[in-house]
Amino acid sequence: MSLEIQILIALFLDLLFGDPRGLPHPARMMRRFALALEPSIRGMLKSPREAGLLTAVMVLGLAGLAAWGLLRLAALLHPWAHTALSIWVFYTALSARFLADQASEVYRALEVGNLPLARKRVSEMVRRDTDRMDREEVTRTAIESVARHGVDGVMAPLICAFLFGPLGVILYKAIDALDSAFGHKNEQYYDFGRFSAWLDRLANWLPARVTVLFIALAAMLLGMRPLAALRVSRRDGAVQDNLNAALPEAAMAGALGVQLGGPVFRGGSFDPQPFMGDPLQRLEPNHIRQANAVLFATTILAATVFALAHKGLAALLK
């Protein structure tokens, strides 16, 4: 079975089933392994920065070695075993349905006027203080999460899958797991997690910018604002420190005709982030559904374009 078909099957499974609870998930296993390894490495090395570097290298090395060994073993057992394992790796790396489901839970809570439940649901999506958010802030946060995690939950895994196959996807998810575990800007992880955070920024540099292009294309197909998506991303995408998050968020703001970003609280500390986008419309819960539509359209468009490009390139190289 060709690589393109494997990836498209995995994407179909993701859109159909999402992320079933209880299913073995490589990213979660790698995150738990990284956190379990941390105390021992900290005890070995006095420098938090060196300890964080060694932890990241060990997690990446062991994850890559384990993935290579399992894929090799599956290929020796039967070609279909290797194909099934590859599809499972791709499937677990994609999270378009999971992101949309999380955002939809926020939308449903807001629609029935249950702001405390909406705050609780959105707190599961972001690293922010949500207990004081009003209705508009909850809506904004959910949309930002859909836009931002469309990079590491969709675009980056797709790019890695088509370029490097299942092993590349595992290594990318290992980087993502390291950033999730250690990429916090607090006293405990500021130095320890610096290398993990740098790796994550590097790995998502290209996918974030490709995501902007596909958000604009999706906006065009959905009758939204494709030119505004590109313009706002270019104008406002650099106003925050994390460009890999700000660029797709700004593009989503432009596509929907709303403002995203703005001041937030993290760990009790005030972060005066600037706004992105033009307030052509007041943020309403229905904008969450529009953001989900953009996410799904972006996912399907990217997978289709990448599959056609990969198949065409393979034919040229024959």
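Everything below is about the structure shown above.
Here goes a summary of the coordinates provided. (Residues numbered from 1 in each chain as written. Predicted model: local features only at pLDDT ≥ 70, side-chain atom pairs only at ≥ 80, totals over all residues. Heavy atoms only, no water.)

Where helix α5 (residues 96-111) meets helix α6 (residues 115-123), the axes come as close as 8 Å, and the angle between the chain directions of the two elements is 170°. Between α5 and α6, the interaxial angle falls into the category roughly antiparallel. Contact residues: α5 offers Glu105, Val106, Ala109 and Leu110, while α6 offers Leu115, Leu117, Ala118, Arg121 and Val122. For the contact of α5 with α6, a count of residues per class yields seven nonpolar, no polar and two charged. (Axes fitted to C-alpha atoms, helices over the stretch in contact; angles between N-to-C directions. Helix = DSSP H or I, 4+ residues; strand = E, 2+ residues; numbered from the N terminus. Parallel < 35°, antiparallel > 145°, perpendicular 65-115°, else oblique. Contact = heavy atoms within 4.5 Å. Nonpolar A, V, L, I, M, F, W, Y, C, P; charged D, E, K, R; others polar.)

So, about helix α3 (residues 48-77). Here α3 is 30 residues long and its end C-alpha atoms lie 43 Å apart, about the 44 Å a rise of 1.5 Å per residue gives. By the burial criterion, the buried members of α3 are Ala51, Gly52, Thr55, Ala56, Val59, Leu60, Ala63, Gly64, Ala67, Leu71 and Ala74. (Expected span 1.5 Å × (residues − 1). Buried < 20%, exposed > 50% of the residue type's maximum accessible area, 1.4 Å probe, protein only.)

In this section: the packing of aromatic side chains. Aromatic ring pairs are described here by two measures, namely the spacing of the ring centres and the angle between the planes. Summed over all chains, the structure comprises six aromatic pairs. Ring centres 6.0 Å apart and planes at 70° place the aromatic pair Phe162 and Phe306 in the edge-to-face group. Here Phe162, found in helix α7 (residues 135-182), pairs with Phe306, found in helix α11 (residues 286-317); they are 144 residues apart in sequence, far enough to count as distant. Note on accessibility: Phe162 and Phe306 belong to one class, buried. Both rings, one in Phe214 and one in Phe306, keep their centres 5.7 Å apart while their planes meet at 85°; by these two values the pair is edge-to-face. Taken together, the residues Phe214 in helix α8 (residues 194-221) and Phe306 in helix α11 connect sequence positions 92 residues apart. (Phe/Tyr/Trp six-rings, centres within 6.5 Å; stacked < 30°, edge-to-face > 60°.)

As a further point, take the environment of Arg231. Among the structural elements, Arg231 can be located in helix α9 (residues 226-236). Given a relative accessible area of 44%, Arg231 falls into the partly exposed group.

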